[in-house]
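# Notes for the structure review
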Amino acid sequence: MSGKQLTLPWQRCVRGRVVGAVAALTLLVGVAPVGQANEHTMEPIEFKSIPGWAADDHSAALYAFRQSCRGSGGQNRSDEQRRLETLCERARMLGQASRDEARRFFESNFLAMRAAGEGFVTGYFEPVLKASLTRTKSFRYPLYQKPEGLNPLPDRSAIMDGALADRGLEVLWLDNPIDGFFVAIQGSARVETPEGKRYRLRYAAKSGHPYTPVGRVLIERGEIPRDQMSMQAIKDWMYAHPDAAEDVMRLNRSYIFFSIEEDKQGTEGPVGAAGVPLIAGRSLALDHRLYSYGLPVFIGARLPDGQGAVKPFNRLMVAHDTGSAIRGPARADIFFGSGYKAGEQAGRIRHSADFVVLRPRP
């Protein structure tokens, strides 16, 4: 990679996770956030006592809840999951309910349980990238599908040096390697070719090599102060120091392989672990070991908006996703959508929050 300065990511085409949500900043920094401990207990709370509950748009939350009906379910469903499926079908019968009707639906069919102690939320999004299905002068940095019958798989540094080149494994080419690095962190992306065709890039497999959080490396080297660390800060540093960025990326030996398919979802978000498209501002990634997909959760916090101004965020959301960095009863990742603006906002989120879980009434 040459020493030519690349344009900062926020001045270029839109980019911005997913399928199986990953708390990107936690993975990048490798620091467990507060509020992730398992000692939280659940305490009953009346709906009228939940700050911000009455002011939320419950019709939007009901729409997100109804999307859970599209999930695959599976054979080994818990009793709670079966009750959620029954309520989901009941919600579908309501049709386009008003805010008040939707609010009464949740209050009549669920019990509110507040997680004691301090919770913690981060944000994630789906990148939107420019890419080519063939190598060109501008698009010359490949992402690969998993090679079959090759063991052990090469690590990131070897792949960057061409270990998989010319084997027909390339799924697409990007115009710079930094985008590819962050797509692996997010787990998926929407891509657009110069001809205007759209595709979905999906996580397929890992190389099996150890993961090194590059954010932690940059903190230890004094490149980015810990209190200023964010995904956006890491991106900005990499684009401002492309040669050093290549060396830092090589330190993370883990490599993600992808599959690609035509984008037939249109304006819908990427498909989360629950098997349904994610909804910006209403889909949530939770610890699936503790919570069922489709479970409504009310998040109360003060979070930066799209312009960075900190405002109240009191919203009923739905568990549509999970991730390896989402651990504990009061830990969540909020999906903010696709593209540049969603990525800017998601990158700022690393905040304390109150959690109220809505359990189906017996």
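Residues numbered from 1 in each chain as written. Predicted model: local features only at pLDDT ≥ 70, side-chain atom pairs only at ≥ 80, totals over all residues. Heavy atoms only, no water.

So, about the packing of aromatic side chains. A full pass over the atoms with the stated rule returns eleven aromatic pairs. Ring geometry for Phe 105 and Phe 110: centres 6.4 Å apart, planes at 65°, overall edge-to-face. The class for Phe 110 is buried, based on a relative accessible area of 0%. Between the aromatic rings of Tyr 255 and Phe 257, the centroid separation amounts to 5.2 Å while the plane-to-plane angle is 65°, which identifies the pairing as edge-to-face. An identical accessibility class is assigned to Tyr 255 and Phe 257; each is buried. By the ring-pair criterion, three or more aromatic residues cluster together here, those being Phe 65, Phe 105, Phe 106 and Phe 110. Above the face of the Phe 182 ring, Lys 235 is positioned so that its terminal group lies 5.2 Å from the ring centre. (Phe/Tyr/Trp six-rings, centres within 6.5 Å; stacked < 30°, edge-to-face > 60°. Buried < 20%, exposed > 50% of the residue type's maximum accessible area, 1.4 Å probe, protein only. Lys NZ or Arg CZ within 6 Å of the ring centre and 35° of its normal.)

Let's shift gears to the side chain of Thr 322. Relative to the helices and strands, Thr 322 is located in the loop between β12 (310–321) and β13 (331–338). Within the local environment of Thr 322, its side chain forms a polar contact with the backbone oxygen of Leu 286, the two atoms lying 2.7 Å apart. (Helix = DSSP H or I, 4+ residues; strand = E, 2+ residues; numbered from the N terminus. Polar contact = N/O pair within 3.5 Å; in protein donor to acceptor, adjacent residues only side chain to side chain.)

Turning our eyes to something else, we now look at the environment of Pro 277. The topology assignment puts Pro 277 in the loop between β9 (256–262) and β10 (283–285). Taking the C-alpha atoms as reference points, Pro 277 and Gln 67, separated by 210 residues in sequence, lie 7.9 Å from one another.

Attention now goes to the side chain of Ser 254. Tracing the chain through its elements places Ser 254 in the loop between α9 (242–251) and β9. The buried category is assigned to Ser 254, whose relative accessible area is 8%. Apart from residues lying up to four places away in sequence, Ser 254 is in contact with Arg 156, Ser 207, His 209, Pro 210 and Tyr 211. (Contact = heavy atoms within 4.5 Å.)

All chains considered together, the criterion is met by 20 salt bridges. Across the pair Lys 311 and Asp 305 runs a salt bridge, and its minimum N-O distance is 3.2 Å. Look at the salt bridges and you will find they share partners, linking Glu 126, Arg 190, Arg 200 and Asp 263 into a network. (Salt bridge = Lys/Arg side-chain N within 4 Å of Asp/Glu carboxyl O.)

Attention shifts here to the nonpolar core. Grouped together as the largest cluster of nonpolar side chains are 66 residues, with contacts concentrated most on Phe 65, Phe 106, Phe 110, Val 121, Met 238, Ile 299 and Phe 355. When residues no more than four places from it in sequence are discounted, the contact partners of Phe 106 are Phe 47, Trp 53, His 58, Ala 61, Leu 62, Phe 65, Pro 296, Leu 316 and Leu 358. (Core = buried A, V, L, I, M, F, W, Y, C linked by side-chain atoms within 4.5 Å.)

A few words on the environment of Ala 184. Relative to the helices and strands, Ala 184 resides in helix α6 (residues 177–186). As a C-alpha pair, Ala 184 and Ser 254 span 70 residues in sequence and 9.7 Å in three-dimensional space. Setting aside residues up to four positions removed in sequence, Ala 184 forms contacts with Ile 256 and Phe 258.

Here we come to the pairing of strand β11 (residues 296–304). With eight of nine residues buried, β11 is to be regarded as a mostly interior element. Two strands pair when backbone bridges link them, and β11 and β12 are joined in this way by nine bridges, in the antiparallel orientation. Looking at the pairing, Pro 304 lines up with Val 310 of β12. Where β11 folds back onto β12 in an antiparallel hairpin, the turn is made up of five residues, including Gly 308, whose phi is positive at roughly 95°. Bridge analysis of β11 against strand β14 (residues 350–360) gives four bridges, and the strand direction is antiparallel. What sits directly across from Val 297, in β14, is Val 357. (Pairing = 2+ DSSP bridges.)

Now for the pairing of strand β2 (residues 110–115). In terms of strand pairing, strand β1 (residues 42–44) meets β2 through three bridges, oriented antiparallel. Pairing of Pro 44 across the sheet is with Met 113, part of β2. Taken together, the five bridges between β2 and β14 define a ladder with antiparallel strand orientation. Bridging across to β14, Arg 114 finds its partner in Val 356.

Our focus in this paragraph is the state of the cysteines. All chains considered together, the criterion is met by one disulfide. Between the sulfur atoms of Cys 69 and its disulfide mate Cys 88 the distance is 2.0 Å. Residues Cys 69 and Cys 88 are joined through a disulfide that is left-handed, its torsion about the S-S bond being -120°. In this pair, Cys 69 is assigned in the loop between α2 (58–67) and α3 (79–94) and Cys 88 in helix α3, connecting sequence segments 19 residues apart. We classify Cys 69 as buried; its relative accessible area is 17%. Taking the relative accessible area as the measure of exposure, Cys 88 reaches 3% and is therefore buried. (Disulfide = S-S within 2.5 Å.)

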